[in-house]
Amino acid sequence: MLFLIKKQPVPENNLPETPYKFMKITGLTIIRNAIKNDYPVVESISSILPVVDEMIVSVDKGEDETLQLIQSIPSDKIRIVFSEWDMSLRQGGQVLAVETNKALQHVSPDSDWVFYIQADEVVHEKYHNMIHEAAEKYKDDKKVEGLLFKYLHFYGTYDYVADSRKWYNCETRIIRNDRNITAYRDAQGFRRGEEKINVAAIDAYVYHYGWVKSPHQMKQKQKNVSRYWVEDGEALSAYLSSGDFFDFSEFDSLDKFKGTHPAVMLNRIKNQNWKLDLDISKKKMSFKNKTLYLFEKLTGKRLFTFINHRIIRK
């Protein structure tokens, strides 16, 4: 079967004309079944290419033409490495951390930072300068082991963002190139052994598009990746045999997105072929969670939540 892939444009580098001469950033991501699960991995990689000096993409052959998709990205910064995911690892998304740590072994020793991005995450070009400047600022401050990003979680379509407490509001996406810093749990964040790493918080957002799919594609993706988390064989079988459409109305709190999307996402947004009208007027939360939600909206502080880092610089 001939598989044709339209090459995606890579955003222009908007960084200063005079580059930083003494700093190197390596981008890194892992991917399996990008086409089958409709991951915006091309957009994800392209969104950070202007910031990084090299981009490591760890590819599992999977069950589709993911390799060809990655090879279609027109950039000589990309270095593809190959891996085979152990699909027997089903405890809390453990396989994602294992694969991320394997990919970290390919980072060039002379890199100062590693910019890790997941296949459904995209960085807006308006943050490129800020990110690069923060990396330069803290390059020699060894107390800072990572840079902490804020998050926007899109839900259902590109018009809605999930804003309840069940969605993490920040996470470390740039770490110091240190072999003792590794992915934690399902690779949502990083630690030094079991110790939280020290991070500097920056005012840049990661746009998370993992929950933007048609109801059919969303359910199929959920079934495909459920084996990363569901250990119980009977529970997994029951979920795999459930309906074929995801119910996007089962949310606790949403808001309308009023900003702009990254340029690399515009073609994908233009080609959206489903429509959802979600009633965001009501908050489907317990009294406790609604109180904490309102407190966060008023103060910007999130109380009583899992934190995977220590903020030492702002």
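So, how was this worked out
Residues numbered from 1 in each chain as written. Predicted model: local features only at pLDDT ≥ 70, side-chain atom pairs only at ≥ 80, totals over all residues. Heavy atoms only, no water. Helix = DSSP H or I, 4+ residues; strand = E, 2+ residues; numbered from the N terminus. Buried < 20%, exposed > 50% of the residue type's maximum accessible area, 1.4 Å probe, protein only. Contact = heavy atoms within 4.5 Å. Polar contact = N/O pair within 3.5 Å; in protein donor to acceptor, adjacent residues only side chain to side chain. Salt bridge = Lys/Arg side-chain N within 4 Å of Asp/Glu carboxyl O. Phe/Tyr/Trp six-rings, centres within 6.5 Å; stacked < 30°, edge-to-face > 60°. Patch = residues over 30% accessible without salt bridge, like charges linked within 9 Å, V, L, I, M, F, W, Y side chains within 5 Å. Areas by Shrake-Rupley, 256 points an atom, 1.4 Å probe, with all protein chains shown as cover.

Visitor: Outline the environment of Thr66, supporting the account with residue identities and numerical values.
Guide: As for its placement among the helices and strands, Thr66 is situated in helix α2 (residues 66-71). A residue is classified by how much of its surface remains accessible, and Thr66, at 0% relative accessible area, is buried. Between the C-alpha atom of Thr66 and that of Asp244, which follows or precedes it by 178 residues, the distance is 24 Å. Dropping the residues within four chain positions of it, Thr66 is found in contact with Ile31, Arg32, Asn33, Ala34, Ile35 and Val59. Looking at Thr66, its side chain comes within polar contact range of the main-chain nitrogen of Ala34, at 2.8 Å.

Visitor: How would you sum up the pattern of salt bridges? Please name residues and give values.
Guide: One side chain can pair with another of opposite charge once the charged atoms of both are near each other. Applying the stated rule across the entire model yields 19 salt bridges. Taking the shortest distance from any N to any O, the salt bridge between Asp140 and Lys139 comes out at 3.0 Å. On the basis of relative accessible area, Lys139 is assigned to the buried category, the value being 11%. Two residues, Arg302 and Glu296, come together in a salt bridge whose shortest N-O distance is 3.0 Å.

Visitor: Summarise the packing of aromatic side chains; cite the residues concerned and give the values.
Guide: The geometry of an aromatic ring pair is captured by two quantities: the separation of the ring centres and the angle between the planes. One pass over the structure, following the stated rule, counts 17 aromatic pairs. Seen from their ring centres, Phe154 and Phe257 are 4.8 Å apart, and the 80° between their planes marks the pair as edge-to-face. Of this pair, Phe154 sits in strand β6 (residues 146-155) while Phe257 sits in the loop between β12 (254-256) and α7 (266-270), and the two are 103 residues apart along the sequence. According to the relative accessible area criterion, Phe154 is buried, its value standing at 1%.

Visitor: Can you explain a nonpolar patch on the surface? Please cite residues and give values.
Guide: Residues Phe295, Leu303 and Phe304 make up a contiguous nonpolar surface patch of about 320 Å² in total accessible area. Considering the arrangement of structural elements, one finds Phe295 in helix α8 (residues 287-299).

Visitor: So what about unusual backbone geometry? Which residues, and what values?
Guide: Even without glycine at this site, Asp38 takes up a positive phi of about 55°. Tracing the backbone shows Asp38 in the loop between β1 (25-31) and α1 (41-48). Positive phi is not limited to glycine here, since Phe304 has a value of about 55°. Relative to the helices and strands, Phe304 resides in the loop between α8 and β13 (309-313). Residue classification places Phe304 among the exposed positions, given a relative accessible area of 71%.

Fair warning: the whole summary comes from geometry, so function is off the table for now.
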